[in-house]
Amino acid sequence: MLVIALTTAFAAHAQRVGEVDTVFKFIGPDHKIVVDAYDDPEVKGVTCYVSRAKTGGIKGGLGLAEDKAEASIACRQTGPISFPKPIKRQDEMFSERISLVFKRLRVVRMVDTTRNTLVYLTYSDRVIEGSPQNSVTAVPVDRGTPIPLR
């Protein structure tokens, strides 16, 4: 229950930027690609935009469809970057269920201390077998703002 509550809390921070239909369905919603914005909860001034497929049709409309594993990510500085508290060298920034039970879309933040850069990776996993498909992006942080690690 705690995991579900935490996941729901992170999901509440997602904001739908837009969507495009890719396949018309006579019954239920169309298949589409959605773009959501996720503000990094531990780094002020960084937003990640994730695009991914959403399955439509009857199963998609009922929430029973399994979405594809492909996703793309682009994170950008959207304001002054600051760190309210030290962050982990690697941490999951966001996780969302993309099938009824077993499949999740994940966004992980990594810190490249040599280059003072935040690296964001998106991928999907499944309880039994994940997908090697992934996407990565990086946000350089000004050298005058060292990234505090815990």
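Scope of this entry: the structure provided in the associated data block.

## Quick look at the side chain of aspartate 112
Phase 1 of the analysis: Within the secondary structure layout, aspartate 112 lies in strand β6 (residues 103-112).
Phase 2 of the analysis: From its side chain, aspartate 112 meets the backbone nitrogen of threonine 114 in a polar contact 3.3 Å long.
Phase 3 of the analysis: Beyond its immediate stretch of four places on either side in the chain, aspartate 112 contacts Thr117 and Val119.

## Quick notes on the environment of valine 139
Phase 1 of the analysis: By secondary structure assignment, the location of valine 139 is in strand β8 (residues 134-140).
Phase 2 of the analysis: In sequence terms valine 139 and valine 46 are 93 residues apart; their C-alpha atoms lie 8.0 Å from each other.
Phase 3 of the analysis: Here valine 139 is in contact with Val46, Cys75, Arg76, Gln77, Ile81, Thr117, Leu118 and Tyr120, once residues within four sequence places are set aside.

## Observations regarding the state of the cysteines
Phase 1 of the analysis: One pass over the structure, following the stated rule, counts one disulfide.
Phase 2 of the analysis: Paired through a disulfide, cysteine 48 and cysteine 75 show a sulfur-sulfur distance of 2.0 Å. For the disulfide bridge between cysteine 48 and cysteine 75, the dihedral angle about the S-S bond is near 105°, and by the sign convention the bridge is right-handed. Residue cysteine 48 is located in strand β3 (residues 44-54), and its partner cysteine 75 is located in strand β4 (residues 71-82); the two are separated by 27 residues in the primary sequence.

## Points about the nonpolar core
Phase 1 of the analysis: If you look at the biggest cluster of nonpolar residues, it comprises 21 residues, and the most contacted ones within it are Val43, Val46, Phe83, Leu118 and Tyr120.
Phase 2 of the analysis: If you list the elements that add at least two residues to this core, you get β3, β4, β5 (90-97), β6 and β7 (117-126).
Phase 3 of the analysis: With four residues, β4 is the single largest residue contributor to this core.
Phase 4 of the analysis: Ignoring any residue separated from it by four or fewer positions in sequence, one finds valine 46 in contact with Tyr38, Asp39, Asp40, Cys75, Arg76, Thr78, Ile81, Leu118, Tyr120 and Val139.

## Notes on the packing of aromatic side chains
Here the distance between the centres and the angle between the planes together describe a pair of aromatic rings.
Phase 1 of the analysis: Inspection of every chain in the model, using the stated rule, returns one aromatic pair.
Phase 2 of the analysis: The interplanar angle of 40° and the centroid separation of 4.0 Å between the aromatic rings of tyrosine 38 and phenylalanine 94 together place this pair among those described as tilted. Within this pair, whereas tyrosine 38 is found in strand β2 (residues 31-39), its partner phenylalanine 94 is found in strand β5, the two being separated by 56 residues in sequence.
Phase 3 of the analysis: By relative accessible area, which is 2% here, tyrosine 38 ends up buried.
Phase 4 of the analysis: On the basis of relative accessible area, phenylalanine 94 is assigned to the buried category, the value being 2%.

Conventions and cut-offs
The numbers attached to residues start from 1 for each chain and follow its sequence in the written order. Only residues with pLDDT of at least 70 get local features here, since the model is predicted, and only at 80 or more are side-chain atom pairs given and counted; chain-wide, interface and lining totals rely on the full set of residues. To get the side-chain values, take all heavy atoms of the structure and skip hydrogens and water. Helical segments are the DSSP runs of H or I of at least four residues, strand segments are the runs of E of at least two, and each set is numbered from the N terminus. Each polar contact in these results corresponds to two N or O atoms within 3.5 Å; when the atoms are within protein, one needs to be able to donate a hydrogen and the other to accept it, and residues that are neighboring in sequence are counted only if both atoms are side-chain atoms. Residues are treated as being in contact if the distance between any of their heavy atoms lies within 4.5 Å. The rule for a disulfide is simple: a pair of cysteine sulfur atoms within 2.5 Å. Nonpolar cores were defined as sets of buried Ala, Val, Leu, Ile, Met, Phe, Trp, Tyr and Cys residues, with membership established by side-chain atoms within 4.5 Å. Buried, partly exposed and exposed residues are distinguished by accessible area as a fraction of the type maximum, computed with a 1.4 Å probe on protein chains only: under 20%, between the cut-offs, and over 50%, respectively. Pairing of aromatic side chains requires ring centres within 6.5 Å, counting the rings of Phe and Tyr and the six-membered ring of Trp. Pairs whose planes differ by under 30 degrees are stacked, by over 60 edge-to-face, and all others tilted.

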